[in-house]
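Coordinates in review
As a plain string of letters, each chain reads:
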Amino acid sequence: MTDFPALSSFDDRRLDSLRRRIGWLCQTLRVALVAYCLWILFTIATFWSDESLVVSRFASLKVDVEGLSADQRLAAFGVSFVIWTLLVVACYAGWRLFSGYLEGRIFTPDAAGWLRCLALAGLIAALVDIAARPLTSLILTAHKAAGAHMVSVYLRPEDLSTVMLLATLLALAHIQKTAADIADENAQIV
């Protein structure tokens, strides 16, 4: 017979080696994605359920929301919840990406697709969050007299860094997809 191990056992050893190297990182990131989604949901639910916290936070932005109703806070929570669902889509894509890595699919079109989905969903969530801020301030000042409605448009320093990071991930996904396509073409030639 032959002294060479079967191809499948070679692939199994390579996959086991890969898992030893990156398994802890992929598992940690998958757990962190779930924890992050739950933490953000808890944070927004806690914030919008506390009227005094809402009033003080918006007062620091020079927006008077004193006297707002529970329905206004619920509507503002709804806006935050929509943004959270976009975040969940991004985190799901991250979960799938790291699951694929654990299965050995690293520089593949599949992995590039999940990275692209993560970046796009995250980018959309970040941009919707920025765009929703004026809407939220209008909702929270709807009880004020005509002409006293406030439109608060503000950008935080982390907005730009978040958008830049997600745009970089989107570009990286495109580069990985192109590289995977080239590797597939080369494999077909050989």
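Bear in mind the structure is a predicted one, so any value in this text is a computation, not a measurement.

**Regarding the overall build of the chain**
The number of helices and strands found in the chain is five helices and zero strands. Counting from the amino terminus, the chain carries its helices and strands in the arrangement α-α-α-α-α. By residue count, 32% of the 190 residues in the chain fall in the buried class. Pairs at least 24 apart in sequence give 76% of the contacts found in the chain among residues at least 6 apart.

**Points about the pattern of salt bridges**
Counted under the stated rule, the structure contains eight salt bridges. Residues Arg156 and Glu158 are paired through a salt bridge, measuring 3.2 Å at the closest nitrogen-oxygen approach. When its relative accessible area of 34% is taken as the criterion, Arg156 is described as partly exposed. Put simply, Lys177 and Asp181 hold a salt bridge, and the shortest N to O gap is 2.9 Å. Highlighted residues: Lys177 and Asp181, both in helix H5 (residues 157-189), separated by four residues, approximately one helical turn.

**Thoughts on the nonpolar core**
If you look at the biggest cluster of nonpolar residues, it comprises 28 residues, and the most contacted ones within it are Trp48, Val54, Phe58, Val65, Leu97 and Leu140. Of all elements in the fold, only helix H1 (7-49), helix H2 (51-59), helix H3 (70-102) and helix H4 (109-140) reach the threshold of two or more residues within this core. Broken down by element, this core gets its largest block of residues, nine residues, from H3. Ignoring anything within four residues of it in the chain, the contact list for Leu97 reads Ala111, Trp114 and Leu115.

**With respect to the packing of aromatic side chains**
Taken as a whole and judged by the stated rule, the model has seven aromatic pairs. On the basis of an interplanar angle of 80° and a centroid distance of 5.8 Å, the ring pair of Phe98 and Tyr101 is categorised as edge-to-face. Here Phe98 pairs with Tyr101, and both are found in helix H3, just three residues apart, close to one helical turn. A network of ring pairs unites the aromatic residues Phe47, Trp48 and Phe58 as a single cluster. Its end group placed over the ring of Trp95, Arg30 keeps NZ or CZ at 4.1 Å from the ring centre.

**A word on the confidence of the model for the chain**
In the predicted model, the chain carries a mean pLDDT of 88, and the fraction of residues at 70 or more is 89%. Ranking the elements of the chain by mean pLDDT puts H1 last, at 87, and H3 first, at 96.

**Here we look at the environment of Thr85**
Relative to the helices and strands, Thr85 resides in helix H3. Polar side-chain contacts of Thr85 include one of 2.6 Å to the backbone oxygen of Val82.

**Side note on H2**
For H2, the set of buried residues is Val54, Val55 and Phe58. Here the buried residues of H2 occupy an arc of 95° about the axis, which is enough to place them on one side.

**Thoughts on the packing of H4 against H5**
Their axes nearest at 8 Å, the elements H4 and H5 cross at an angle of 160°. On the basis of their axis angle, the class for H4 and H5 is roughly antiparallel. In this structure, H4 meets H5 at a crossing whose hand is left-handed. The class makeup of the residues in the contact of H4 with H5 is 17 nonpolar, three polar and six charged.

Parameters at a glance
Residues numbered from 1 in each chain as written. Predicted model: local features only at pLDDT ≥ 70, side-chain atom pairs only at ≥ 80, totals over all residues. Heavy atoms only, no water. Helix = DSSP H or I, 4+ residues; strand = E, 2+ residues; numbered from the N terminus. Buried < 20%, exposed > 50% of the residue type's maximum accessible area, 1.4 Å probe, protein only. Contact = heavy atoms within 4.5 Å. Salt bridge = Lys/Arg side-chain N within 4 Å of Asp/Glu carboxyl O. Core = buried A, V, L, I, M, F, W, Y, C linked by side-chain atoms within 4.5 Å. Phe/Tyr/Trp six-rings, centres within 6.5 Å; stacked < 30°, edge-to-face > 60°. Lys NZ or Arg CZ within 6 Å of the ring centre and 35° of its normal. pLDDT = per-residue confidence, 0-100. Polar contact = N/O pair within 3.5 Å; in protein donor to acceptor, adjacent residues only side chain to side chain. Arc of directions from axis to C-beta. Axes fitted to C-alpha atoms, helices over the stretch in contact; angles between N-to-C directions. Parallel < 35°, antiparallel > 145°, perpendicular 65-115°, else oblique. Left-handed = near helix turned anticlockwise from the far one by under 90°. Nonpolar A, V, L, I, M, F, W, Y, C, P; charged D, E, K, R; others polar.

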